[in-house]
Amino acid sequence: IAVGGTAFGVVFSTLGKIVPEEHRAMAFGVGVAAGSFGQFLFTPIIGLLIDTVQWQNALLVLAAVALTIIVWALGVRGDQHDPNKAIEFDLAGALGSAIRDPSFHLLFWGYFVCGLQVVFIGLHLPVFLKDEGFDVTVGARALALVGLFNIAGSLTAGYLGQRVSKKWLLTVIYILRSIVMAGFLLAPITMTSIYIFSALMGLLWLSTVPLTSALVGQVWGVKYLGTLGGVIFVGHQLGSFLGAWLGGRIYDTTGSYDYAWMLVIAFGLF
């Protein structure tokens, strides 16, 4: 519930109403990059807090930081939208139009694949690398590198989303993810290949988010972008659940992640 209430759909619903359509994809890319920078910045801080004041007090510090959102919200302009920029519906019309449109369903399942891939890698990559003989800190550094390069990937996706077809950009990103994963598994796994994989995956990590949200706003308008973006985000979270659970289930059953990697790669190509 907490993740859903602070997810990109809520942020983009606000951004979509105060940013013109021609700059929306870039604004969404900046939003994703900001989230990635926060993750990159706070990860070592959280580790330091846990070591010094224990995890219970670290949670209290983070709760206090989260409460400052109330202060920042006071500076955000209220909902605004230009009806000349996109088709506008009432809520029932927006939902009905989206649900009847096959494109909306394709975006939903595309987001499903996104969630499946990123959570599988985020949760299971450290264990996979440990099984390959690497120290557990290597997995942590690899994920930090993913977060760092995701800043550049999200900004680039937002920039390109204003200049070329968003749907083809999404297609390229999903295909490249599968190629990068396949290349990582086929090549000898070394420290160098791990960090190259992390950097490349970082560039593709959440670069789908600004493009998907911008497409929703472009086709169905921004008045109910929060609702429609939330519906699509459900697909992302269903994929996230499957990536986490199925990856662990396959590992427990077979003693290896091989079939899980194949599944995640195949979903990306599909």
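Refer to the structure above for everything that follows.
(A) Spotlight on the packing of aromatic side chains. One pass over the full model with this rule turns up 14 aromatic pairs. On the basis of an interplanar angle of 80° and a centroid distance of 6.0 Å, the ring pair of Phe-120 and Tyr-257 is categorised as edge-to-face. Of the two residues, Phe-120 is situated in helix α6 (residues 102-131) and Tyr-257 in the loop between α11 (225-254) and α12 (258-269); the sequence distance between them amounts to 137 residues. When sorted by exposure, Phe-120 lands in the same class as Tyr-257, which is buried. These aromatic residues form a ring-pair network of at least three members: Phe-120, Phe-128, Phe-184, Phe-197, Tyr-251, Tyr-257 and Trp-261.

(B) Broad picture of the layout of surface pockets. Each pocket or cavity is described by its volume, and for the largest pocket that value is around 1800 Å³. Lining the largest pocket we find 44 residues, and of these Thr-6, Ala-7, Phe-8, Val-11 and Gly-35 sit closest to its centre. Put simply, the parts of the chain that give the lining of the largest pocket at least two residues each are α1 (2-5), α2 (8-18), α3 (21-67), α4 (69-73), α6 and α11. Residue contributions to the lining of the largest pocket peak at 15 residues, all from α3. Here the lining of the largest pocket is composed, by residue class, of 29 nonpolar, 15 polar and no charged. Lining the second largest pocket are 23 residues, with Leu-106, Leu-107, Gly-110, Thr-171 and Tyr-174 sitting closest to its centre. When residues of the lining of the second largest pocket are traced back to their parent elements, those giving at least two are α6, α8 (166-186), α10 (208-220) and α12. Looking at the lining of the second largest pocket element by element, the count peaks at 9 residues for α6. Of the residues contributing to the lining of the second largest pocket, the split by class is 16 nonpolar, 6 polar and 1 charged.

(C) Spatial organisation of the packing of α8 against α12. The interhelical angle for the contact between α8 and α12, taken along N-to-C directions, is 155°, at an axis separation of 7 Å. In terms of axis orientation, α8 runs roughly antiparallel to α12. In this structure, α8 crosses over α12, and the sense of that crossing is left-handed. Facing α8, whose interface residues are Tyr-174, Ile-175, Ser-178, Met-181, Ala-182 and Leu-185, α12 presents Trp-261, Val-264, Ile-265, Gly-268 and Leu-269.

(D) Spatial organisation of α3. For α3, with 47 residues, the first-to-last C-alpha span of 31 Å runs short of the 69 Å given by 1.5 Å per residue. Bending of α3 peaks at approximately 120° at the position of Val-53. Turning to α3, its buried residues are Arg-24, Ala-25, Ala-27, Phe-28, Gly-29, Gly-31, Val-32, Ala-33, Ser-36, Leu-49 and Ala-58. Where α3 is buried, its residues contact α2, α7 (136-161), α8, α10 and α11.

(E) Structural context of the environment of Thr-254. Secondary-structure assignment places Thr-254 in helix α11. On the basis of relative accessible area, Thr-254 is assigned to the partly exposed category, the value being 41%. A distance of 2.8 Å separates a polar side-chain atom of Thr-254 from the backbone oxygen of Ile-250.

(F) Broad picture of empty space enclosed by the protein. One pass over the full model with this rule turns up 3 cavities of 30 Å³ or more. Computed from the structure, the largest cavity encloses a volume of approximately 60 Å³. The wall of the largest cavity is formed by Phe-8, Gly-9, Tyr-111, Thr-212, Ser-213, Val-216, Gly-229, Ile-232 and Phe-233. Elements supplying a minimum of two residues to the lining of the largest cavity: α2, α10 and α11. Here the residues of the lining of the largest cavity sort into 5 nonpolar, 4 polar and no charged. Considering only enclosed or pocket space, the second largest cavity measures out at about 50 Å³ in volume. The wall of the second largest cavity is formed by Leu-116, Phe-120, Leu-242, Gly-243, Leu-246, Gly-247, Ile-250, Ala-260, Leu-263 and Val-264. Within the residue set of the lining of the second largest cavity, elements represented by two or more residues are α6, α11 and α12. Here the lining of the second largest cavity is built from residues that sort into 8 nonpolar, 2 polar and no charged.

Analysis parameters
Residues numbered from 1 in each chain as written. Predicted model: local features only at pLDDT ≥ 70, side-chain atom pairs only at ≥ 80, totals over all residues. Heavy atoms only, no water. Phe/Tyr/Trp six-rings, centres within 6.5 Å; stacked < 30°, edge-to-face > 60°. Helix = DSSP H or I, 4+ residues; strand = E, 2+ residues; numbered from the N terminus. Buried < 20%, exposed > 50% of the residue type's maximum accessible area, 1.4 Å probe, protein only. 1 Å grid on protein atoms, 1.4 Å probe; cavity = no way out; pocket = protein on both sides within 12 Å on 5 of 7 lines; lining within 4 Å. Points joined across faces, edges and corners; volume = space filled by probe spheres on them. Nonpolar A, V, L, I, M, F, W, Y, C, P; charged D, E, K, R; others polar. Axes fitted to C-alpha atoms, helices over the stretch in contact; angles between N-to-C directions. Parallel < 35°, antiparallel > 145°, perpendicular 65-115°, else oblique. Left-handed = near helix turned anticlockwise from the far one by under 90°. Contact = heavy atoms within 4.5 Å. Expected span 1.5 Å × (residues − 1). Bend = angle between axes of the 7 residues up to and from the residue. Polar contact = N/O pair within 3.5 Å; in protein donor to acceptor, adjacent residues only side chain to side chain.

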